[in-house]
There are 2 protein chains.
Amino acid sequence: MKDFHYYTPTEVVFGKDSEKEIGHLVKKHGGGKVLIHYGGKSAETSGLLDTVRRQLDAVGIPFVELGGVVPNPVLSKVHEGVQISKNENVDFILAVGGGSVIDSAKAIAYGLAYDGDVWDFFSKKTEAFAAYPIGVILTIPAAGSEMSNGCVITNEEGYSKRAYDNDLCRPRFAVMNPIRTYTLSAYQTACGAVDMMMHTMERYFSHDDDMLLTDAIAESLMRTVCECAPKVIAAPNDYILRSQIMWAGSLAHNNLTGCGTIGDFATHMLEHELSAMFNVAHGAGLAAIWPHWAEYVLSENPTRFAQFAVNVLKIANNFRSAEETAREGIEAMKIFYKKIGMPTSIPELLGRKATDDEIREMADKCSLGRTSTIGHLKILSYDDMVEIYNMANR
Amino acid sequence: MKDFHYYTPTEVVFGKDSEKEIGHLVKKHGGGKVLIHYGGKSAETSGLLDTVRRQLDAVGIPFVELGGVVPNPVLSKVHEGVQISKNENVDFILAVGGGSVIDSAKAIAYGLAYDGDVWDFFSKKTEAFAAYPIGVILTIPAAGSEMSNGCVITNEEGYSKRAYDNDLCRPRFAVMNPIRTYTLSAYQTACGAVDMMMHTMERYFSHDDDMLLTDAIAESLMRTVCECAPKVIAAPNDYILRSQIMWAGSLAHNNLTGCGTIGDFATHMLEHELSAMFNVAHGAGLAAIWPHWAEYVLSENPTRFAQFAVNVLKIANNFRSAEETAREGIEAMKIFYKKIGMPTSIPELLGRKATDDEIREMADKCSLGRTSTIGHLKILSYDDMVEIYNMANR
């Protein structure tokens, strides 16, 4: 096991009545003037934006608004948010939405505290030393950005999608009302479930496989998601099921499931290029890549994949061959993905095969022009990336 | 399930090299002048105090010291700490030790920010509105105070032991080096294991038994402690085992295992009177009380006790009778306690029976002079308390 830091300062207010605390929370966490940041029309039509406005009015906190964040949030919107916030003397960003809105808000929070272009952090030109505080009203459980230190932004010039991790951007609070997630489509719900599974799996498939408590917690979380995701798709207004999925999304990515391990995150990196190039949903892209990554790297730690198969997917252990148990687990995971309507290959994801040129371009970007590797369980070069994309493309 | 708040702002730095960060952490979290607070001689003889002093010197932070905190920490020491801190213009309390030292530090942090007597918070006379920041270097995994909002102090006048819960006292950081726990005796280790089990069980035995993810996490944590505690007693220098126990202690009481449930905590309340009257170790007292509390309240939610038996203690489910499965679980828990050298009755704890007068006095204090009840799974009056103490006294 590795030494670890665990830092999750986000104040979570979870439940049916959680929205009553929005005004109080913004005030408590230092908001003087707020930018309400959101995505599409549903925030308005659902009445959620009105709730937020009333809550801020009630505590006398002024605000401006900026909607229009798109899935795979873009740098131009971040620039717009920074500019508005500077002009309006905003000192607190309130994200109303899912991971895309939260990540856009995080990037604005960095940009507001920085004189240069916020892309400098994502291009690894420099490190952030400050960020304005943000709060979250979560409507889509998936990315876990509401408690995480991560932020992913797409630069439309060249369509590169890049992540930047820093504790400075961890939200001060997150309001989570499971009822707000009843209207998510089966597809959105499934994409979310894949994302939270993958956040846990990326940390789980590691050479550090001796941190028993972290394993036990990670396995519990994954079992709960595997059990509840198909059920909630069949019963979208079930409060208990929606609650499990919503809370799992946060715990899957606040690093609870990674204490003592070094995460792999190669599947995430490979997927970022897919969704940047084809603008597909992140969760669906992950489902299309993971089984092929798993087959490709399985031999690095077969007992780990066997443990996953038995403890998460309830495969009977084949004591004579960890590798056979492991392979059954990968098949069971594909069956789970299919059951919740997710693709398990690039052709299923895109409706066509990717071309060789497209695959080479994705691998080229993912390896930063063949200069960089990804992954930890197995370190992947450009050639490995091409091979995994090709396996996923059959 | 219940709506919940989850707020764990403590920055955890865990591992072999964690102590290198002490100076940096105090500085980062605003320490200008520090009170180093500790218990007995082992902090000095182990070299830990010297490490702390060197770390503070290295970042140029001045400090004063106050040792002598006893198990079941007392109000007079808290008063002493407040006075020294006021005289010396201390603005940060650094607890070096286990739950007793941390709780004493928390009480000093409240007292330093308050003009009256800090006991006012414990006697419920008033609420705290501020506390000075504290940091922790943990040496005894047990109480979970390093991440919790709780604090328990014994007032020597009348020997009343009282708890006060408030988010203000959650430590800013906790440094945890499992190697520092190698020297704990088998008895200390076992008492710690009981305490962390009980922190989880108090939240688990609830009428709110529909928060699946919280259950799954709580059960994982309890399984891990049950598995590792006997092993670590047999192999006290095993880093991996010590790490599981150390991290479990923090997660057992930072409320992760209580998200969505209302905790019971009757066993804790009954035990507080035992350890206040007889000055016994808290963990041992809990082990002596729990099996009898469990038998007394079992009929309130037998399926919950059956789930505990099957999912935590690996008892084969008796599908025809939840109650029989539940009773097997209680017996298995007693066997676990005995296996790690813990008592399962008051005579085993004290070496003699408690007298009727002692039992009536404990029940009287626990019910605040027969004016108050405890518990949630079953609400317990004075008479119930006497009955449970009597059951435990056979």
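All values derive from a computational prediction rather than experimental measurement. (Residues numbered from 1 in each chain as written. Chains lettered and ligands numbered in written order. Predicted model: local features only at pLDDT ≥ 70, side-chain atom pairs only at ≥ 80, totals over all residues. Heavy atoms only, no water.)

1. Things to note about the sheet that holds strand S4 (residues 92–97) of chain B
Logical step 1: Across the sheet, which stays open at both edges, the 12 strands sit in the order S3(A)-S2(A)-S4(A)-S5(A)-S8(A)-S1(A)-S1(B)-S8(B)-S5(B)-S4(B)-S2(B)-S3(B) with mixed pairing between neighbours. Either end of the sheet is taken by a strand with one partner, and the two such strands are strand S3 (63–66) of chain A together with strand S3 (63–66) of chain B. Neighbour to neighbour, the strand axes of the sheet diverge by 25 degrees on average, direction disregarded.
Logical step 2: Pairing geometry for strand S4 (residues 92–97) of chain A and strand S5 (residues 134–138) of chain A, over five bridges, is parallel. Counterpart to Ile93(A) in the pairing with S5(A) is Ile134(A).
Logical step 3: Across the face of the sheet, helix H4 (residues 75–87) of chain A comes into contact with strand S2 (34–38), S3 and S4 of chain A while running at roughly 165 degrees to S3(A).
Logical step 4: Against the sheet, helix H4 (residues 75–87) of chain B touches strand S2 (34–38), S3 and S4 of chain B, its axis set at about 165 degrees to S3(B). (Pairing = 2+ DSSP bridges. Helix = DSSP H or I, 4+ residues; strand = E, 2+ residues; numbered from the N terminus. Axes fitted to C-alpha atoms, helices over the stretch in contact; angles between N-to-C directions. Contact = heavy atoms within 4.5 Å.)

2. Considering the packing of helix H11 (residues 282–297) of chain A against helix H13 (residues 322–339) of chain A
Residues and elements named next belong to chain A.
Logical step 1: Taken N-terminus to C-terminus, the directions of H11 and H13 make an angle of 175 degrees; their axes are 10 Å apart at the nearest point. By the angle between their axes, H11 is roughly antiparallel relative to H13. Contacts between H11 and H13 involve Ala287, Trp290, Pro291, Ala294 and Glu295 from the former and Arg327, Ile330, Met333, Lys334 and Tyr337 from the latter.
Logical step 2: Looking at the contact of H11 with H13 residue by residue, the class counts come to seven nonpolar, no polar and three charged. (Parallel < 35°, antiparallel > 145°, perpendicular 65-115°, else oblique. Nonpolar A, V, L, I, M, F, W, Y, C, P; charged D, E, K, R; others polar.)

3. Quick look at the side chain of Thr267(B)
Residue and element names in this part refer to chain B.
Logical step 1: With respect to the element layout, threonine 267 can be found in helix H10 (residues 266–278).
Logical step 2: The exposure class of threonine 267 is buried, given its relative accessible area of 0%.
Logical step 3: Among residues more than four places away in sequence, those in contact with threonine 267 are Met198, Glu202, Leu286, Ile289, Trp290 and Trp293. (Buried < 20%, exposed > 50% of the residue type's maximum accessible area, 1.4 Å probe, protein only.)

4. What about the relation of the copies chain B and chain A?
Logical step 1: Mapping chain B onto chain A calls for a screw motion: a turn of 180 degrees about the axis and a shift of 0.0 Å along it, with 0.0 Å RMSD after fitting. Within this description, the copies of the chain are treated as partners about a two-fold rotation axis. Taking C-alpha positions as reference, the residue of chain B nearest the rotation axis is Pro9(B), located at 1.9 Å.
Logical step 2: With an isologous cut-off of 70% or more, the 100% of interface residues of chain B that recur at the interface of chain A puts this contact in the isologous class. (Least-squares fit on C-alpha atoms with pLDDT ≥ 70 in both.)

5. With respect to the confidence of the model for chain A
Logical step 1: Scored by pLDDT, chain A has a mean of 97; 100% of the residues are at 70 or more.
Logical step 2: Among the scores for the predicted complex, ipTM is 0.96 and pTM is 0.97. (pLDDT = per-residue confidence, 0-100.)

6. Concerning the packing of aromatic side chains
Logical step 1: Per the stated rule, a full pass over the model turns up 42 aromatic pairs over all chains.
Logical step 2: Measuring from centroid to centroid gives 5.7 Å for Tyr110(A) and Phe121(A), while their planes differ by 55 degrees, and the two rings are tilted. One end of the pair, Tyr110(A), is in helix H5 (residues 99–112); the other, Phe121(A), is in helix H6 (residues 119–122), with 11 residues separating them in the sequence.
Logical step 3: Here Tyr204(B) and Phe308(B) contribute two aromatic rings whose centre-to-centre distance is 6.0 Å and whose plane-to-plane angle is 55 degrees, an arrangement assigned as tilted. A residue pair is termed long-range when its members are at least 10 positions apart, and Tyr204(B) in helix H7 (residues 186–204) and Phe308(B) in helix H12 (residues 302–311) qualify at 104 residues. With respect to class, Tyr204(B) is no different from Phe308(B); both count as buried.
Logical step 4: One aromatic cluster in this structure is built from Tyr110(A), Tyr114(A), Trp119(A), Phe121(A), Phe122(A) and Tyr164(A).
Logical step 5: The ring of Tyr7(A) has Lys28(B) lying over it, and the distance from NZ or CZ to the ring centre is 5.7 Å. (Phe/Tyr/Trp six-rings, centres within 6.5 Å; stacked < 30°, edge-to-face > 60°. Lys NZ or Arg CZ within 6 Å of the ring centre and 35° of its normal.)

7. What about the nonpolar core?
Logical step 1: Formed by 232 residues in total, the largest nonpolar core has its most connected members in Trp247(A), Trp290(A), Trp247(B) and Trp290(B).
Logical step 2: With sequence-adjacent residues up to four places away left out, Trp247(B) is seen in contact with Phe4(A), Tyr6(A), Met211(A), Leu213(A), Thr214(A), Cys259(A), Val12(B), Phe14(B), Met147(B) and Met176(B). (Core = buried A, V, L, I, M, F, W, Y, C linked by side-chain atoms within 4.5 Å.)

8. Some points on the pairing of S2(B)
All names here are of chain B.
Logical step 1: For S2, the tally of buried residues reaches five of five residues, placing the bulk of the element in the interior.
Logical step 2: Neither face of S2 is exposed, since Val34, Ile36 and Tyr38 on one face and Leu35 and His37 on the opposite face are all buried.
Logical step 3: Inspection of the sheet shows S2 paired to S3 by four bridges, in the parallel sense. In the strand pairing of S3, isoleucine 36 is matched with glutamate 65.
Logical step 4: In terms of strand pairing, S2 meets S4 through five bridges, oriented parallel.

9. Some thoughts on the interface of chain B and chain A
Where interface size is given, it is often the accessible area lost as the parts come together that is meant.
Logical step 1: Taken together, the contact pairs 40 residues of chain B with 40 residues of chain A.
Logical step 2: Interface area for chain B against chain A, summed over the two sides, is near 3400 Å², with a carbon-plus-sulfur share of 64%.
Logical step 3: Of all residues in chain B, Tyr6(B), Leu213(B) and Trp247(B) give up the largest surface area on contact with chain A, accounting jointly for 18% of the area buried on that side.
Logical step 4: Counting across the chain B and chain A interface gives zero salt bridges. (Buried area = accessible area lost by both parts, 1.4 Å probe. Salt bridge = Lys/Arg side-chain N within 4 Å of Asp/Glu carboxyl O.)

10. Observations concerning unusual backbone geometry
What is expected of a backbone is that most residues other than glycine have negative phi and most peptide bonds are trans.
Logical step 1: Even without glycine at this site, Asn255(A) takes up a positive phi of about 90 degrees.
Logical step 2: Position of Asn255(A) relative to the elements: it lies in the loop between helix H9 (239–251) and helix H10 (266–278).
Logical step 3: Given a relative accessible area of 21%, Asn255(A) falls into the partly exposed group.
Logical step 4: One non-glycine residue, Asn72(B), adopts positive backbone phi at about 55 degrees.
Logical step 5: Inspection of the secondary structure assignment puts Asn72(B) in the loop between S3 and H4.
Logical step 6: Here Asn72(B) falls in the buried class, since its relative accessible area comes to 11%.

11. Remarks on helix H15 (residues 356–366) of chain B
Residues lying three or four places apart along an α-helix face the same way, a consequence of the helix completing one turn every 3.6 residues.
Residues and elements named next belong to chain B.
Logical step 1: Turning to H15, its buried residues are Glu358, Ile359, Met362, Ala363 and Cys366. Here the buried residues of H15 occupy an arc of 130 degrees about the axis, which is enough to place them on one side. Exposed and facing more than 90 degrees away from the buried side of H15 are Asp356 and Asp357.
Logical step 2: Residues of H15 that are buried in the fold lie against H10 and helix H16 (382–392).
Logical step 3: Trailing H15 by a residue or two, leucine 368 shows a phi angle of about 50 degrees, which is positive. (Arc of directions from axis to C-beta.)

12. Observations concerning the side chain of Ser250(A)
Residue and element names in this part refer to chain A.
Logical step 1: Positionally, serine 250 belongs in helix H9.
Logical step 2: Residue classification places serine 250 among the buried residues on the basis of a relative accessible area of 0%.
Logical step 3: Filtering out sequence-adjacent residues up to four positions away, serine 250 remains in contact with Glu146, Met147 and Met176.

13. What to know about the pattern of salt bridges
Logical step 1: Counted by the stated rule, this structure contains 44 salt bridges over all chains.
Logical step 2: For Lys20(B), the salt bridge is made with Asp17(B), and the minimal N-O distance between the two is 3.6 Å.
Logical step 3: Here the salt bridges share partners, and the residues they tie into one network are Glu44(A), Asp50(A), Arg53(A) and Glu65(A).

14. Looking at the packing of H7(B) against helix H13 (residues 322–339) of chain B
Residue and element names in this part refer to chain B.
Logical step 1: Running from N to C, H7 and H13 point in directions that differ by 155 degrees, and their axes come no closer than 12 Å. When the axis of H7 is compared with that of H13, the two are roughly antiparallel. Seen from H7, the contacting residues are Val194, Met197, Met198 and Met201; seen from H13, they are Met333, Phe336 and Tyr337.
Logical step 2: Residues of the contact of H7 with H13, tallied by class, amount to seven nonpolar, no polar and no charged.

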